[in-house]
Amino acid sequence: MTTELMILGWTLVLALVQIMATGAFRNKESGVKYNMSARDTPAPPPGVVTARLQRAQANLFETLPLFAAAVLIAHVGGREGDLTLWGAWLYLIARVVYVPLYAAGIPVVRSIVWSVSLVGLGMVLAAILLP
C-alpha cells in the first residue's frame, strides 16, 4: 500500500474520531436517556463546544470526498509522487490541527490552517491534472 493510501486511511480515522467526539459532547448535554429514545421531542440546543465540533465535522465532510477521490485517482492513474505525498500529508496534518483550534474558538489561525489543508488537496489535484 502506498503512503498516500495510508494517509487517506488515517484521514478516515480522523473522521471517526470527530464523529465520536461530537457525539460524546452532545451526549453529555442531552443525556443518555434522550439519545436512546425515539427523539420525538426536540433536544436542548447544543452547547458552544459541541456546536463548534459539529461545524468542524461538517467542514471535514465537505472536503473529505474530494480528498479521497483525488488520492484514489492519483493511485489508480499512477500519478503518485512527491506532490501527492506532500499534499496528502499537508491535508491530514492541517485537518488534525484544525479540530482543536475550532473547538477552542480560535478564529484566524483556524482559517489559515483550513487554507493549508486546501493547499494539500490542491497539490494532489495538481499531480492528477498537470502533465
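Presented here is a report on the structure given in the accompanying data block. Small disclaimer: the values here were computed from a predicted structure and weren't measured.

Reading the values: rules and limits
- Residues numbered from 1 in each chain as written.
- Predicted model: local features only at pLDDT ≥ 70, side-chain atom pairs only at ≥ 80, totals over all residues.
- Heavy atoms only, no water.
- Helix = DSSP H or I, 4+ residues; strand = E, 2+ residues; numbered from the N terminus.
- Buried < 20%, exposed > 50% of the residue type's maximum accessible area, 1.4 Å probe, protein only.
- Contact = heavy atoms within 4.5 Å.
- Lys, Arg positive; Asp, Glu negative; His and termini not counted.
- Charge placed at Lys NZ, Arg CZ, Asp CG, Glu CD.
- Salt bridge = Lys/Arg side-chain N within 4 Å of Asp/Glu carboxyl O.
- Phe/Tyr/Trp six-rings, centres within 6.5 Å; stacked < 30°, edge-to-face > 60°.
- Lys NZ or Arg CZ within 6 Å of the ring centre and 35° of its normal.

Describing the overall build of the chain
Across its full length, the chain holds five helices and zero strands. In the chain, the order of α-helices and β-strands from amino to carboxyl end is α-α-α-α-α. C-alpha atoms of the chain, sized along the principal axes, occupy 55 × 30 × 20 Å. Every one of the 131 residues in the chain was classed for burial, and the buried ones make up 34%. Long-range pairs, those at least 24 residues apart, make up 77% of the contacts in the chain with a sequence separation of at least 6. In the chain, 9 positive and 6 negative side-chain charges are present, and the distance between their average locations comes to 13 Å.

Some thoughts on the pattern of salt bridges
Inspection of every chain in the model, using the stated rule, returns one salt bridge. The partner of Arg-26 in a salt bridge is Glu-29, and the shortest N-O contact between them spans 2.9 Å. Remark: Glu-29 and Arg-26 occur in helix H1 (residues 3-30); sequence separation between them is three residues, near one turn of the helix. You can call Arg-26 buried: its relative accessible area is 16%.

Some thoughts on the packing of aromatic side chains
The full count for this structure, using the stated rule, is two aromatic pairs. Considering the side-chain rings of Phe-67 and Tyr-91, the 4.1 Å spacing of their centres and the 15 degrees angle between planes classify their relative orientation as stacked. Here Tyr-91 lies in helix H4 (residues 82-104) and Phe-67 lies in helix H3 (residues 48-76), a separation of 24 residues in the sequence. No difference in accessibility class separates Phe-67 from Tyr-91, as the two residues are buried. Pairing Tyr-98 with Tyr-102 gives two aromatic rings, centres 5.5 Å apart and planes at 75 degrees, and the pair type is edge-to-face. Here Tyr-98 pairs with Tyr-102, and both are found in helix H4, just four residues apart, close to one helical turn. Considered together, Tyr-98 and Tyr-102 belong to a single accessibility category, that of buried residues. Its end group placed over the ring of Tyr-98, Arg-95 keeps NZ or CZ at 4.6 Å from the ring centre.

The values are spatial; any link to function lies outside them.
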